[in-house]
Amino acid sequence: MFKDLVSNEKAKKFLQNELKFRREAGTYLFYSVDRELLKKFAKSFAKGLNCSTYEDDFCGVCENCIRIESETHGDLEIIEENGGIKIDQIRELSYKNSINSYEGKSKIYIIRDVEKMRKESGNALLKLIEEPNKGNFFILLSNGLNILPTIKSRSILLNIQAETPEELGVSKFEYDFFLGDSKNIEEYKRTEIIDLKAGASYQEIGKKIKLWLNTGTLLDKAEIYKSIRDFINTKEYLNTVDKIYFVEEIMQSGADRELLKEIINYAVSTIGKNSKNLEKLLELKKMMRSPINMKNFLLIFFSEL
Ligand SMILES: [Zn+2]
């Protein structure tokens with residue numbers, strides 16, 4: 001139920017108000033730095049739209065609510081694609097949108113990572129949301145408002161604030177370690193076996209990445225984070241050779257581009273305001289969107305850090 005979500009009172013009120021209007025179609029753009037929290041809010045809103053007994057709040061126990069939660073509801077489609085929704089997928093949605101006949105139930109399309117989609121996909125998506133069929137709802141999720149202005153202006157915007165350490169029930173240290181990511185923090189709380197204070201040498205980063213690529217566990221992901229933290233804490237004492245070694249370790253570990261981006265992001269966020277070069281680092285981070293040589297990029301990045 002909305003009341004079980006521990007954060008974002010304003011956003012919840014806003015959504016409850018929207019549901020009162022009983023709109024017949026609509027496009028929403030939810031944005032937040034916390035990708036999982038966005039999905040949680042989108043699914044809650046979807047439940048609100050289709051709950052059998054909705055009254056100021058969805059029930060969470062009817063068949064519609066349960067199926068939306070387990071993502072097996074016939075009228076819910078969640079599109080998540082590495083690199084953002086593709087143009088073929090939008091064409092498919094347009095087709096579904098055109099043949100969908102309205103029987104009083106809402107068809108809901110949750111589209112994740114819209115900030116990543118290419119321009120042509122953006123234009124196709126714009127056409128789709130310009131003429132939604134009765135009963136069709138599009139919930140676009142983005143990490144920010146850096147998307148096509150025409151899509152923004154066609155959407156009802158809602159900011160979802162990242163949850164605070166208090167809301168998530170962890171210390172500031174634990175919160176910062178996971179960069180405030182609610183999904184990781186909840187898993188961390190569930191498992192309770194990760195010692196965040198124990199160190200991991202920056203020299204072991206390659207080994208840690210290989211391990212995580214095999215297991216995919218948060219425990220091993222945390223080890224990668226620790227190695228990055230160690231690099232940041234000791235960087236003053238490292239010479240050029242040490243830094244090259246660090247980058248070599250990362251490059252030879254088999255990390256894909258997504259993981260490299262995450263490593264960069266983790267380093268920038270961890271060092272944050274303490275860096276004299278923050279502006280420059282953020283500028284460099286933007287460069288990762290273009291098809292540059294990653295090894296050269298990492299060498300420059302970790303020298304500047
Ligand atoms: Zn329900």
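Computed from a predicted model, the values in this text were never measured in an experiment. (Residues numbered from 1 in each chain as written. Predicted model: local features only at pLDDT ≥ 70, side-chain atom pairs only at ≥ 80, totals over all residues. Heavy atoms only, no water.)

How should the overall build of the chain be read in this particular structure?
In terms of regular secondary structure, the chain is built from 15 helices and five strands. In terms of overall dimensions, the chain is globule-like: its C-alpha atoms have a radius of gyration of 21 Å, near the 19 Å expected for 305 residues. With respect to the three principal axes, the spread of C-alpha positions in the chain is 65 × 40 × 35 Å. The burial tally for the chain puts 47% of its 305 residues in the buried class. Long-range contacts, defined as pairs at least 24 residues apart, comprise 72% of the intrachain contacts of the chain with a sequence gap of at least 6. Accessible surface computed for the chain: about 16000 Å², of which carbon and sulfur atoms make up 49%. In the chain, which carries 48 positive and 48 negative side-chain charges, the distance between the mean positions of the two groups comes to 3 Å. (Helix = DSSP H or I, 4+ residues; strand = E, 2+ residues; numbered from the N terminus. Rg over C-alpha atoms; globule rule 2.2 N^0.38 Å. Buried < 20%, exposed > 50% of the residue type's maximum accessible area, 1.4 Å probe, protein only. Contact = heavy atoms within 4.5 Å. Areas by Shrake-Rupley, 256 points an atom, 1.4 Å probe, with all protein chains shown as cover. Lys, Arg positive; Asp, Glu negative; His and termini not counted. Charge placed at Lys NZ, Arg CZ, Asp CG, Glu CD.)

Sorry, what's going on with the coordination of the zinc ion here?
Octahedral metals with six donors have ideal donor angles of 90 or 180 degrees. Tetrahedral metals with four donors have an ideal donor angle of 109.5 degrees. The coordination sphere of the zinc ion, as far as protein atoms go, consists of C51 (SG), C59 (SG), C62 (SG) and C65 (SG), spread over 2.3 Å. The coordination sphere of the zinc ion comprises four donor atoms, whose angles at the metal cover 104 to 119°; the geometry is tetrahedral. Sequence positions of the residues that donate to the zinc ion give the spacing C-x7-C-x2-C-x2-C. Linking C51 in the loop between α2 (35-50) and α3 (63-69) with C65 in helix α3, this pair joins segments that are 14 residues apart in sequence. For the residue pair C51 and C65, the accessibility class agrees, reading buried in each case. (Donors = N, O, S within 2.8 Å, 3.2 Å for Na, K, Ca; no water. Tetrahedral: all angles 85-135°; square planar, octahedral: opposite > 155°, others 65-115°.)

For this particular structure, what's the right way to read the domain arrangement of the chain?
How big an interface is tends to be stated in terms of the accessible area lost upon association of its parts. Assigned domains within the chain: domain 1 (2-159) and domain 2 (198-304). Between domain 1 and domain 2, the C-alpha centre-to-centre distance is 34 Å. (Domains from an automatic or database assignment.)

Mind showing me how you'd approach the layout of surface pockets here?
If a probe as big as a water molecule is rolled over the atoms, it shows which places are left empty. Considered as a void within the structure, the second largest pocket measures approximately 410 Å³ in volume. E36, K40, K43, E69 and E186 are the residues nearest the centre of the second largest pocket, which is lined by 20 residues in total. Put simply, the parts of the chain that give the lining of the second largest pocket at least two residues each are α2, α3 and α9 (182-191). Of the residues forming the lining of the second largest pocket, the biggest block, seven residues, is contributed by α2. Taken together, the residues that form the lining of the second largest pocket break down as six nonpolar, three polar and 11 charged. (1 Å grid on protein atoms, 1.4 Å probe; cavity = no way out; pocket = protein on both sides within 12 Å on 5 of 7 lines; lining within 4 Å. Points joined across faces, edges and corners; volume = space filled by probe spheres on them. Nonpolar A, V, L, I, M, F, W, Y, C, P; charged D, E, K, R; others polar.)

Would you mind showing me how to read the packing of aromatic side chains here?
Geometry of an aromatic ring pair is reported as the spacing of the ring centres plus the angle between the planes. Summed over all chains, the structure comprises 17 aromatic pairs. Consider the rings of Y109 and F138, whose centres lie 5.2 Å apart with planes at 20°: the pair is stacked. Of this pair, Y109 sits in strand β3 (residues 107-111) while F138 sits in strand β4 (residues 136-142), placing them 29 residues apart in sequence. As far as the burial class goes, Y109 and F138 line up, both buried. Measuring from centroid to centroid gives 5.0 Å for F246 and F302, while their planes differ by 90°, and the two rings are edge-to-face. Of this pair, F246 sits in helix α12 (residues 240-251) while F302 sits in helix α15 (residues 294-304); the two residues are 56 residues apart in sequence, bridging distant segments of the chain. F302 shares its class with F246; the two are buried. The aromatic ring of F173 is capped on one face by K197, whose charged end is 4.9 Å from the ring centroid. (Phe/Tyr/Trp six-rings, centres within 6.5 Å; stacked < 30°, edge-to-face > 60°. Lys NZ or Arg CZ within 6 Å of the ring centre and 35° of its normal.)

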